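# Working through the structure, step by step
Take a look at the letters that make up each chain.
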Amino acid sequence: MKPYSNFRILIAVLLLSFGVNAQSYKLNNEASDLKIDGTSNIHDWSINAENSSGVLITEFDEGKLEDIGKLQFTVVSESLMSGKSGMDKNTYKALNTNKYKEITYNLKKVNTIEKISADTYKVRSTGTLHIAGTKKDINLIFDLKSNNDQIILTGEHKLNMTSYGIEAPTAMFGTIKTGEEVLIKFETHFNK
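Keep in mind that what you see is a predicted model, and the values were worked out from it rather than measured.

## A few points about the pairing of strand β3 (residues 45-49)
- Side chains Trp45, Ile47 and Ala49 project from β3 onto a buried face, and the interleaved Ser46 and Asn48 project onto a face without burial.
- Direction of pairing for strand β2 (residues 33-38) relative to β3: antiparallel, over a ladder of 4 bridges. Residue Gly38 lies in a different strand from β3, and its bridge partner there is Trp45.

Structural data, given as structure tokens:
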């Protein structure tokens, strides 16, 4: 290939990438909400994550979301709180929090981005969820809302605990049994 051809290709690449604007955001723990809803043979239950962190890197082109370069999310396992110490203790035991201190999610790829409104997009993605020593790829669908210097991600994901090697917690000598499936709901706020 002739040297001037390489130069022309470089100029074309620079011109095409000129309008793309990568932005980095950090999770705002105080404004964010992550909740796990589950069932038992007696009543439904909920646990909230009190301590989470994360990083989001987005790529916008002329105000339109083009890609997500990075999405990492971490929850401190023992920050999962139900408001009932007995239930929290059983949860930590099931998650083996003495050994596995964090639950993490890492984006692997964005499958599709669909514009819903002027500032909201539906994102279909694949990422790796790491719970209690087991890593599995999951398909995660969420809404991304861009608002000045803030991005909000909202969504939910059903999860079977046994697929991560987690035995559903029990209480009262096994008379109270939780269901294997939980629903994770999140509204995460990321700031520049």
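## Some thoughts on the pattern of salt bridges
- Summed over all chains, the structure comprises 7 salt bridges.
- The partner of Glu66 in a salt bridge is Lys64, with the nearest N and O atoms 3.9 Å apart.
- Overall, Lys64 belongs to the partly exposed group, its relative accessible area being 38%.
- The partner of Arg124 in a salt bridge is Glu114, with the nearest N and O atoms 3.6 Å apart. A residue pair is termed long-range when its members are at least 10 positions apart, and Arg124 in strand β8 (residues 120-131) and Glu114 in strand β7 (residues 102-115) qualify at 10 residues.
- Taking the relative accessible area as the measure of exposure, Glu114 reaches 42% and is therefore partly exposed.

What counts, and where the lines are drawn
Residues numbered from 1 in each chain as written. Predicted model: local features only at pLDDT ≥ 70, side-chain atom pairs only at ≥ 80, totals over all residues. Heavy atoms only, no water. Buried < 20%, exposed > 50% of the residue type's maximum accessible area, 1.4 Å probe, protein only. Helix = DSSP H or I, 4+ residues; strand = E, 2+ residues; numbered from the N terminus. Pairing = 2+ DSSP bridges. Salt bridge = Lys/Arg side-chain N within 4 Å of Asp/Glu carboxyl O.

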